[in-house]
Amino acid sequence: MKGYPVRLPLDVALVFSANPEDYTARGKIITPLKDRIGSEIRTHYPATIEEGIAITTQEAWASRNGGKLVVPKYIREVIEQIAFAAREDKKIDKRSGVSQRLPISATENVISNAERRAIQHDEKVVVPRISDIYAALPAITGKLELEYEGEMKGADHVGRELIRLAIAKTYDQYFTGANMQQVIQWFDLGGEIQVADGAAAGEVLPTLRNIQGLTDKLTRVNVGPKDSPEAQVSAAEFVLEGLHAHKRIGRNEERVFTAGEKQPRAAEKPFEREEGQYRPRRPLN
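Because the structure is predicted, anything quoted here is derived from the model rather than measured.

Visitor: I would appreciate a short explanation of the pattern of salt bridges in the present structure.
Guide: Between side chains of opposite charge, a pair can form as their charged atoms come close. The full count for this structure, using the stated rule, is 11 salt bridges. The salt bridge involving Asp-122 is made with Lys-124; its shortest N-O contact spans 3.7 Å. Residue Lys-124 is classed as exposed on the basis of its relative accessible area, which comes to 61%. Note that Glu-237 is salt-bridged to Arg-255, the shortest N-O span being 2.9 Å. One end of the pair, Glu-237, is in helix α12 (residues 229-245); the other, Arg-255, is in the loop between β4 (249-251) and β5 (256-259), with 18 residues separating them in the sequence. Accessibility classification places Glu-237 together with Arg-255 in one group, the buried group. Residues participating in the shared-partner salt-bridge network are Glu-237, Glu-241, Arg-251 and Arg-255.

Following this line, the structure appears as structure tokens:
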């Protein structure tokens, strides 16, 4: 019996999704399956930080029934920069890659930690801080496959280094050329301050204002003295974390910012008399 092809007007689309290196040992989709797929769509990572932020903002669970949420731009940029840095890090497996799920998951955890702090202290505005990104470290390390070198150093160590690198790059976008010597000098003279991730903004802000020259620099991230205490503390901590990322001030695991380690001066060379080039005298006739 001879068959006849029949096309039915079905409003249906079948979509296949797979990681080829996990599907077969050859790293390719098997031919019988590929033959049944009408078109193949090749995807890629976001080409710019702005593209990554747009995707993360669209996909992350941020619209919640809590207080007013304000996520500073530099926080979003640091989170996105972590993924960009991880994709270039030699300690991370390139075959598995670093998907966009990393910044999406990290953003959700950062917001959750900020909400927890706001609920504890009855704050009306939820503003994430850099410390919330460190608190979301499990959401970052859980999305990374490490190479041998990374396994030797440990996932937490690699994750913290990625955060630090992302902070440094984002900090440079806002504060390149800014004179931070007054802030650094405050710590060099013995100043210390603790900015714990669970501390209320109203408690930390008066101490931050004692750091000479710090609050004046917050205008570079569009934060002024009339903004909420939560926004001012978040911006000030970003500045301190940026200085720490560049090793200009120190910070311990309890998030106490102190003076940075002094670099040893190069040993001075002993004084040497500069001798002119020896010229033999001409013999007298």
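Visitor: Please explain the packing of aromatic side chains as it appears in this structure.
Guide: The geometry of an aromatic ring pair is captured by the separation of the ring centres together with the interplanar angle, meaning the angle of the planes. For the structure on display, the rule yields six aromatic pairs. Judged by centre distance (6.1 Å) and plane angle (90 degrees), the ring pair of Tyr-174 and Phe-238 falls under edge-to-face. Within this pair, whereas Tyr-174 is found in helix α9 (residues 155-175), its partner Phe-238 is found in helix α12, the two being separated by 64 residues in sequence. Pair check on accessibility: Tyr-174 and Phe-238 agree, each one buried. Clustering of aromatic rings is evident, with ring pairs tying together Tyr-74, Tyr-171, Tyr-174, Phe-175 and Phe-238. One cation-aromatic arrangement involves Arg-64 over Trp-61; the distance from NZ or CZ to the ring centre is 4.0 Å. Positioned above the aromatic ring of Tyr-134 is the side chain of Arg-251, whose terminal nitrogen or guanidinium carbon lies 5.1 Å from the ring centre.

The rules behind the values
- Residues numbered from 1 in each chain as written.
- Predicted model: local features only at pLDDT ≥ 70, side-chain atom pairs only at ≥ 80, totals over all residues.
- Heavy atoms only, no water.
- Salt bridge = Lys/Arg side-chain N within 4 Å of Asp/Glu carboxyl O.
- Buried < 20%, exposed > 50% of the residue type's maximum accessible area, 1.4 Å probe, protein only.
- Helix = DSSP H or I, 4+ residues; strand = E, 2+ residues; numbered from the N terminus.
- Phe/Tyr/Trp six-rings, centres within 6.5 Å; stacked < 30°, edge-to-face > 60°.
- Lys NZ or Arg CZ within 6 Å of the ring centre and 35° of its normal.

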